[in-house]
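# Commentary on secondary and tertiary structure
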Amino acid sequence: MQTIYENFIQAAETMQAKPLFERPGEPSISYTQTRELVERLAAVLGEVGVAPGDRIAVQVEKSPEAIALYLATLQVGAIFLPLNTAYTGAEIDYFIGDAAPRLFVCDPGTFAAHAHRAGPTLAVETLGATADGTLIERARGVTPREDAHPSGPDDRAAILYTSGTTGRSKGAVLTHRNLASNTEALLDCWRFTAEDRLIHALPIFHTHGLFVAANMSLTAGATMIFLIKFDAEQAIDLMADASVLMGVPTFYTRLLKSDRLSRETTAGMRLFVSGSAPLLAEDHRAFQDRTGQAILERYGMTETCMIASNPYDGARIPGAVGMALPGISVRVTDRETGAVLADEEIGLIEVKGPNVFEGYWNMPEKTASEFRKDGYFITGDLGQIGKDGYLRIVGRDKDLVISGGYNVYPKEVEEAIDALPGVLESAVIGLPHSDLGEGVTAVVVPRSGVVLDPQQITAALADRLARFKQPKRVFMVESLPRNVMGKVQKAELRRLFADTYA
Ligand code: MLC
Ligand code: AMP
């Protein structure tokens with residue numbers, strides 16, 4: 001099995017001057033240029049003291065150079081640990097404390113806030129969005145490193161933090177096998193080749209933008225039209241000269257709002273992929289009515305990369321996520337007994353295969369509790385497999401909100417709110433949101449005799465939680481509804497505040 005790094009080198013040898021990155025208004029960057037930068041960055045990593053197995057934590061703006069840093073990390077056998085640019089200093093403290101990286105790479109603009117982290121075991125370097133920063137400066141002066149650390153399929157390639165039900169984020173450890181096998185399955189399933197031109201508008205610190213979109217492109221020898229963020233009008237402009245778009249459902253909701261979305265403007269495109277959160281069946285149908293193209297919905301998770309996909313040829317069914325990818329097994333089990341259920345019965349979705357992660361960093365007990373004895377990973381999603389063989393996700397067993405494709409665990413937000421002066425308790429819920437799918441919402445009970453203003457709560461959270469985790473609305477109530485066991489009835493709260501973002 002080839003690693004993603006080896007896939008890239010193979011593609012670079014064939015594609016050479018062909019652009020890997022195209023950016024509106026900026027020069028494109030070829031496969032050969034990218035390879036040279038990767039090899040220079042690999043040499044710099046050696047100089048910094050990075051050894052195989054070391055973690056490299058990276059919180060930088062989206063750029064081709066950031067992808068080169070990812071590939072250089074794989075080349076030297078280190079572990080890539082990308083972090084959402086929205087994370088606050090307090091959140092970064094936790095990730096660095098937990099993962100103990102050898103190197104932390106931040107944006108030049110945030111260096112002053114992170115310089116104090118540098119010490120004997122941790123180096124701090126910078127990488128900017130305009131090919132600037134200390135890593136790039138150092139890369140100019142080194143001899144490129146051509147050899148690669150001989151990473152095996154079971155060696156660790158990346159750690160992606162995903163928030164946890166306990167409020168503590170968990171680092172999902174992914175191996176070279178996880179990444180490479182998933183890329184291979186997706187290339188085949190979606191007929192993705194060197195001919196493709198992908199509109200890449202996702203962030204590159206998550207599975208979707210990095211391990212699906214970028215890994216597929218740089219393995220296939222394709223070109224990425226690399227955009228800093230998603231803008232529906234810009235995406236429509238680019239469609240005449242592109243072939244594939246991969247996005248979260250919010251991309252499609254926003255595209256549908258544009259009058260310019262039509263058969264004509266999408267005629268050059270061969271594939272629209274949606275995932276990371278449920279795509280509304282009505283959006284799927286509306287998109288097909290407007291463009292004549294059926295969005296291909298797929299299902300994945302940080303811990304498992306991609307699990308299932310609607311077919312390329314054959315029906316792409318609204319509300320379904322398709323069949324397990326080749327080499328991957330999916331089953332649905334009873335929530336109480338763990339028994340495997342028959343078709344059409346609703347239960348926990350479990351998955352097994354070369355895509356499933358090694359485990360959570362430094363959390364053996366948590367890891368063990370999420371795997372069955374026969375090796376299946378319990379996703380925490382609820383679903384059913386229909387008589388037609390398609391998997392449908394019907395809900396979540398985990399208390400999780402997905403806002404614009406970002407996961408927010410209510411527990412983490414509740415803990416931050418409950419720690420504020422004057423707060424007795426809180427409940428955080430996801431409510432239907434016309435743009436983001438779900439909107440993070442807090443329902444707060446003040447201590448007796450205290451008057452709290454929702455804005456005080458929002459302001460107090462600003463430097464504690466990343467922006468996307470902060471409640472879009474805060475409601476003050478006298479008490480929370482509870483069942484006889486004393487458990488907060490979140491379903492009742494979701495019903496009470498259902499129309500908040502309608
Ligand atoms: C931005 N904001 C969000 C938000 N994104 N708030 C809640 N949820 C989000 N997802 C904040 C901004 O900070 C801003 O706050 C305000 O909301 C409005 O911002 P915006 O300009 O409308 O947001 P935009 O930049 O357009 O981003 C929206 C988005 C983006 C949906 C395009 O969030 C996005 O690219 N999401 C993709 C996430 C993703 O890649 N998920 C994959 C995870 S992997 P203010 O107050 O400053 O104005 C995974 C596995 C799998 O799940 O299966 O793929
Ligand atoms: P993350 O931890 O960010 O990787 O998010 C993974 C979760 O996103 C899954 O467990 C699902 O709950 C959800 N998800 C991903 N793709 C889909 C989809 N197509 N439909 C519904 N939920 C999805």
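So, here is what we can say about the structure in this document. Throughout this description, residue numbers start from 1 for each chain and increase along the sequence as written. Naming scheme: in the order in which they are written, chains are lettered from A and ligands are numbered from 1. It should be noted that, the model being predicted, local features are given only for residues of pLDDT at least 70 and side-chain atom pairs only at 80 or more, the latter also being counted only at that level, while totals for whole chains, interfaces and linings use all residues. The side-chain numbers reported here are obtained from all heavy atoms of the structure, hydrogens and water having been left aside.

For helices the rule is a DSSP run of H or I covering at least 4 residues; for strands it is a run of E covering at least 2, with both sets numbered from the N terminus onward. Tracing the sequence through the fold places Q59 in strand 3 (residues 55-59). Categorising residues by exposure relies on relative accessible area from a 1.4 Å probe, with only protein chains included: less than 20% of the type maximum marks a residue as buried, more than 50% marks it as exposed, and the intermediate range marks it as partly exposed. For Q59, a relative accessible area of 8% translates into the label buried. Any pair of N or O atoms that falls within 3.5 Å is considered a polar contact. Within protein, one atom must be able to donate a hydrogen and the other to accept it, and sequence-neighbouring residues count only if both atoms are side-chain atoms. In terms of polar contacts, Q59 uses its side chain to reach the backbone carbonyl oxygen of N84, at 3.0 Å. Within the structure, the side chain of Q59 is placed 3.2 Å from the backbone oxygen of Y87, a separation counted as a polar contact. Residue contacts are defined here by distance: any two heavy atoms, one from each residue, within 4.5 Å place the two residues in contact. Dropping the residues within four chain positions of it, Q59 is found in contact with L83, N84, T85, A86, Y87, I92, F104, V105, C106, D107 and H114.

Here the focus is helix 3 (residues 64-75). The terminal C-alpha atoms of helix 3 lie 16 Å apart, and with 12 residues this matches the ideal 16 Å at 1.5 Å per residue to within 8%. Burial of helix 3 is extensive: 12 of the 12 residues sit out of reach of the surface. Among the residues of helix 3, those classed as buried are P64, E65, A66, I67, A68, L69, Y70, L71, A72, T73, L74 and Q75. G77 lies just past helix 3 and shows a positive phi near 80°. Under the convention used throughout, the expected extent of a helix is 1.5 Å for every residue step, that is, one less than its residue count.

Now for the site of ligand 2. In these notes, residues near a molecule or strand are those with any non-hydrogen atom within 4 Å of it. In the neighbourhood of ligand 2, 16 residues make up the surrounding shell, with R298, T302, D381, K398 and N407 lying closest. Taking N407, its side chain carries an N or O atom lying 2.7 Å from an oxygen atom of ligand 2. To measure how exposed things are, a 1.4 Å probe is used in the Shrake-Rupley method; for residues, cover is taken only from the protein chains shown. Its free accessible area being 500 Å², ligand 2 has 92% of it covered by the protein chains. Among the secondary structure elements, those contributing two or more residues to the shell around ligand 2 are strand 13 (296-301) and strand 20 (391-396). Residue contributions to the shell around ligand 2 peak at 5 residues, all from strand 13. Each residue is assigned to one of three groups, with Ala, Val, Leu, Ile, Met, Phe, Trp, Tyr, Cys and Pro labelled nonpolar, Asp, Glu, Lys and Arg labelled charged, and all others, Gly among them, labelled polar. Looking at side-chain class alone, the shell around ligand 2 contains 7 nonpolar, 4 polar and 5 charged residues.

Right, let's talk about the site of ligand 1 for a bit. Around ligand 1, the structure places 23 residues, and the nearest of them are R254, S276, R298, S403 and R467. Taking K229, its side chain carries an N or O atom lying 3.1 Å from an oxygen atom of ligand 1. Between a nitrogen atom of ligand 1 and a side-chain N or O atom of K472, the distance comes to 3.0 Å. Here ligand 1 has 1,000 Å² of accessible area as a free molecule, and 74% of this is covered by the chains. Those elements that place two or more of their residues in the shell around ligand 1 are helix 8 (207-220), helix 10 (249-257) and strand 13. Its residues assigned to classes, the shell around ligand 1 comprises 9 nonpolar, 9 polar and 5 charged. Note that the domain bounds reflect an automated or database-derived domain assignment. Both domains that meet at the shell around ligand 1, namely domain 2 (230-396) and domain 3 (400-496), each give it at least three residues.

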